[in-house]
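So you can see what is in the structure, the chains are spelled out below.
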Amino acid sequence: MRIRKFIALALLPAAIAVAPSLAAADKIADFYKDKTVKIVIGASMGGAYGLYAQLLSRHVSKYLPGAPTVVVQAMPGSGGNKAMNYTYNAGAQDGSMVSIVQISVVQETLFNPKVHFSAKGFQYIGRFTNANIVATAHKRSGIKDWKDATRKAYTIGTVGRRNYTYIGPAVMNAIAGTKFQIISGYRGTKTAYLAKQRGEVDASITSWATLNVNHADELKSGTFIPLFQMMGEREPDLPNIPSIAEFGKTKGEKAFLAIISAGSAIGRTMAGPPKMPKYLIDGWREAFMKTVSDPAFKEDIAKRKSRLNPMNGENITKIVHNVMDLPKEDVASAFAFYSKILKAK
């Protein structure tokens, strides 16, 4: 009798822990049953944001209680800010809409007074992978490495001025002595790459993941030549290609490059809007981590020659807050440098 009582008491904490979990799952299922959920991306469907969003939409429903239909909505514009402004403010806050935030979410919060969102306000669900942004030139341009761009002007196609695709070559011009002529305003990295293939520009810039998915043959053949990368450390696949972080000299340059490097760590991260109920955020976090561990999802990623380097929402939140909480004087120095490269012609 005493043994039975002891076992019952020992199992009581587990039973108490499971009960709220089951209750939460029922509550999530009640909300999502027969619903459609949108994943909003601030880029065109042809890039990494579109790839991860579409693949997740095919697999995540089986891990979300209620099994909602999940669809993807592309909302490119203003370097991704259009979508982040929308999801933060005007978009549904009830749990029927989530998004993949731009890697520039922290940078834009700190440096752009015109945006209507805060990196601290998004509720981070989880990261598919980090994002190394890599510039490549077409071999017809004659450029062989980044140093050639210090001796001759080459054109490079980018998205918006506040987008990483613009910031990369602008930083190289400012601190590495390159002479890139930056052609800004392409609707997405896909259109910029089409412009490079047509010979309209010499170079373009996108994520290393997208390059390996959409342009693996051109990389292998030497048609596309890597010039520089934007992670804090060199990509293992690109040990001989410099990172822009290596060129920082002044306090302002180094602080700015630290903020940009944090964007690479944020990478392709899903988030809920500020007022999305916490129990639904918790449900999404659990479903997300189960999905990125799912063999079928991993197989789909591998088929597209893409990558996974997942991180849970709690750790992404820490990365965001660590950068957002930098000393004001460091942010001011970084902003001064940022303002300088935005004004550069």
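Predicted, not measured: the structure shown is a model, and the values here were computed from it.

**Quick notes on the overall build of the chain**
Of regular secondary structure, the chain possesses 13 helices and eleven strands. The C-alpha radius of gyration of the chain comes to 22 Å, within 12% of the 20 Å expected for a compact globule of 345 residues. Projecting the C-alpha coordinates of the chain onto the three principal axes gives extents of approximately 85 × 45 × 40 Å. Of all 345 residues assigned to the chain, the portion counted as buried reaches 53%. Nonlocal contacts in the chain, meaning residues at least 24 apart in sequence, comprise 78% of its contacts between residues at least 6 apart. For the chain, the exposed area adds up to about 15,500 Å²; of that, 56% sits on carbon and sulfur atoms. Looking at the chain, you have 46 positive and 25 negative side-chain charges, and the mean spots of the two groups are 3 Å apart.

**Focus on the sheet that holds strand S5 (residues 133-138)**
The strands making up a sheet associate through hydrogen bonds between their backbones, and the pairing can be parallel or antiparallel. Taken in spatial order, the five strands of this open sheet run S7-S6-S8-S5-S9, and their pairing is mixed. Each edge of the open sheet is held by one strand with a lone partner, namely strand S7 (181-183) and strand S9 (224-229). Averaged over all neighbouring strand pairs, the angle between strand axes comes to 30 degrees, with direction disregarded. The sheet contacts of helix H5 (residues 164-176) involve S5, strand S6 (155-157), S7, strand S8 (203-207) and S9, and relative to S7 the element is tilted by about 170 degrees.

**Topic: the nonpolar core**
By size, the foremost hydrophobic cluster in this structure holds 87 residues, and its most contacted members are Val-105, Phe-256, Met-270 and Trp-284. At eight residues, the largest contribution of residues to this core is made by H5. Among all residues touching Val-105, those that are not within four sequence positions of it are Met-84, Phe-117, Ala-119, Phe-122, Tyr-124 and Ile-266. With eight residues, the next largest nonpolar core counts Val-134, Tyr-193, Trp-208 and Ile-241 among its residues.

**Topic: the pattern of salt bridges**
Going through the model one piece at a time under the given rule, you end up with 13 salt bridges. Arg-234 is the salt-bridge partner of Glu-246, the closest N and O atoms lying 2.7 Å from each other. On the criterion of sequence distance, the pair formed by Glu-246 in the loop between S9 and helix H9 (251-266) and Arg-234 in the loop between S9 and H9 is long-range, its members being twelve residues apart. A salt bridge links Lys-278 to Asp-282; its shortest N-O distance comes to 2.9 Å. Of this pair, Lys-278 and Asp-282 both sit in helix H10 (residues 278-292), four residues apart, roughly one helical turn.

**Description of unusual backbone geometry**
If you check the backbone angles, Ala-67 has positive phi at about 45 degrees while not being a glycine. Note on placement: Ala-67 falls in the loop between helix H2 (48-59) and strand S2 (69-74). At Lys-305, a residue that is not glycine, the phi angle is positive and equals roughly 55 degrees. Structurally, the position occupied by Lys-305 is in the loop between helix H11 (295-303) and strand S11 (311-312). The class for Lys-305 is exposed, based on a relative accessible area of 52%.

**What about H2?**
Given a rise of 1.5 Å per residue, twelve residues ought to cover 16 Å, and the 17 Å separating the end C-alpha atoms of H2 matches this to within 8%. Most of H2 sits inside the fold, with ten of its twelve residues counted as buried. Listed as buried for H2 are Ala-48, Tyr-49, Gly-50, Leu-51, Tyr-52, Ala-53, Leu-55, Leu-56, Ser-57 and His-59.

**A short note on H5**
Spanning 13 residues, H5 covers 17 Å between terminal C-alpha atoms, matching the ideal 18 Å at 1.5 Å per step. In terms of burial, H5 is largely enclosed, as eleven of its 13 residues are buried. Regarding H5, the residues found buried are Tyr-164, Thr-165, Tyr-166, Ile-167, Gly-168, Pro-169, Ala-170, Val-171, Met-172, Ile-175 and Ala-176. The first or second residue beyond H5 is Gly-177, which carries a positive phi of 85 degrees.

Definitions and cut-offs
Sequence order sets the numbering: in each chain, residues are counted from 1 along the sequence as written. Totals for whole chains, interfaces and linings use every residue, but because this is a predicted model, local features are given only for residues with pLDDT of at least 70 and side-chain atom pairs only at 80 or more, for both listing and counting. Water and hydrogen atoms play no part in the side-chain values, which are based on all heavy atoms of the structure. For the purposes of this entry, the term helix denotes a DSSP run of H or I that reaches at least four residues, the term strand denotes a run of E that reaches at least two, and both are numbered from the N terminus. Only the C-alpha atoms count toward the radius of gyration. The rule for a globule is 2.2 Å times the residue count to the power 0.38. Accessibility here uses a 1.4 Å probe with only protein chains present; expressed as a share of the type maximum, an area under 20% marks a residue as buried, one over 50% as exposed, and anything in between as partly exposed. A contact between two residues is defined here by any heavy atoms of the two lying within 4.5 Å. Per-residue accessibility takes into account occlusion by the displayed protein chains alone, with areas from the Shrake-Rupley method and a 1.4 Å probe. For this count, His and the chain ends are skipped, Lys and Arg are scored as positive, and Asp and Glu as negative. In this description, the location of a charge corresponds to atom NZ of lysine, CZ of arginine, CG of aspartate or CD of glutamate. Strand pairing is assigned whenever DSSP detects at least two bridges linking the two strands. To get an axis, fit a line to the C-alpha atoms, keeping to the stretch in contact for a helix; angles then go from 0 to 180 degrees between the N-to-C directions. Nonpolar cores are built from buried Ala, Val, Leu, Ile, Met, Phe, Trp, Tyr and Cys residues. Side-chain atoms within 4.5 Å join them into one set. Salt bridges are defined as contacts in which a side-chain nitrogen from Lys or Arg sits within 4 Å of a carboxyl oxygen from Asp or Glu. One less than the residue count of a helix, multiplied by 1.5 Å, gives the span that helix is expected to have.

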